[in-house]
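Survey of secondary and tertiary structure
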Amino acid sequence: MFEWMAWTLPVAVFFSCIVLMLIGMTVWEIKSPTIMRKGFLPIATTRGDRLFIGLLSAAYVNLAFVGISGHLMEWLALESEPSIWISFVLSMGVLALVMRKG
């Protein structure tokens, strides 16, 4: 059924983190309803809005890294492509920034 997808450990960790975030946000919303606030994003957002925007941003960071990893290998004269864990850490950092300051 899932043969079309490259289910590697980083992919599994990434999707597991998304599922855990959604569960955590649901529990948090039930315990403490959110209010709209304005951060560096150009709109007033709730926690759920910031999570959605952050997850989209994290996905784009991962896609961009996968897209340029071959070029990074050439530009930096690396023996192999950079680890996908680098993009995972970067994308979670972007997500944390959007959640905290967005």
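Residues numbered from 1 in each chain as written. Predicted model: local features only at pLDDT ≥ 70, side-chain atom pairs only at ≥ 80, totals over all residues. Heavy atoms only, no water.

1. Describing helix α2 (residues 47-75)
The terminal C-alpha atoms of α2, which comprises 29 residues, lie 39 Å apart, in line with the 42 Å expected from a rise of 1.5 Å per residue. Most pronounced at Ser69, the bend in α2 amounts to some 45°. Every buried residue of α2 is accounted for by Arg47, Arg50, Leu51, Gly54, Leu55, Ala58, Asn62, Phe65, Ser69 and Leu72. If you follow the buried residues of α2, they end up packed against α1 (9-31), β1 (37-38), β2 (44-45) and α3 (84-101). (Helix = DSSP H or I, 4+ residues; strand = E, 2+ residues; numbered from the N terminus. Expected span 1.5 Å × (residues − 1). Bend = angle between axes of the 7 residues up to and from the residue. Buried < 20%, exposed > 50% of the residue type's maximum accessible area, 1.4 Å probe, protein only. Contact = heavy atoms within 4.5 Å.)

2. Some points on a nonpolar patch on the surface
Residues Leu9, Val66, Ile84 and Trp85 make up a contiguous nonpolar surface patch of about 350 Å² in total accessible area. Here Leu9 lies in helix α1. (Patch = residues over 30% accessible without salt bridge, like charges linked within 9 Å, V, L, I, M, F, W, Y side chains within 5 Å. Areas by Shrake-Rupley, 256 points an atom, 1.4 Å probe, with all protein chains shown as cover. Salt bridge = Lys/Arg side-chain N within 4 Å of Asp/Glu carboxyl O.)

3. Details of the packing of α2 against α3
Contact geometry for α2 and α3: axes closest at 8 Å, N-to-C directions at 155°. In terms of their interaxial angle, α2 and α3 are classed as roughly antiparallel. In this structure, α2 meets α3 at a crossing whose hand is right-handed. Touching Arg47, Arg50, Leu51, Ile53, Gly54, Leu55, Ser57, Ala58, Val61, Asn62, Phe65 and Val66 of α2 are Ile84, Ile86, Ser87, Phe88, Leu90, Ser91, Val94, Leu95, Val98 and Met99, all from α3. Residue composition of the contact of α2 with α3, grouped by class: 15 nonpolar, 5 polar and 2 charged. (Axes fitted to C-alpha atoms, helices over the stretch in contact; angles between N-to-C directions. Parallel < 35°, antiparallel > 145°, perpendicular 65-115°, else oblique. Left-handed = near helix turned anticlockwise from the far one by under 90°. Nonpolar A, V, L, I, M, F, W, Y, C, P; charged D, E, K, R; others polar.)

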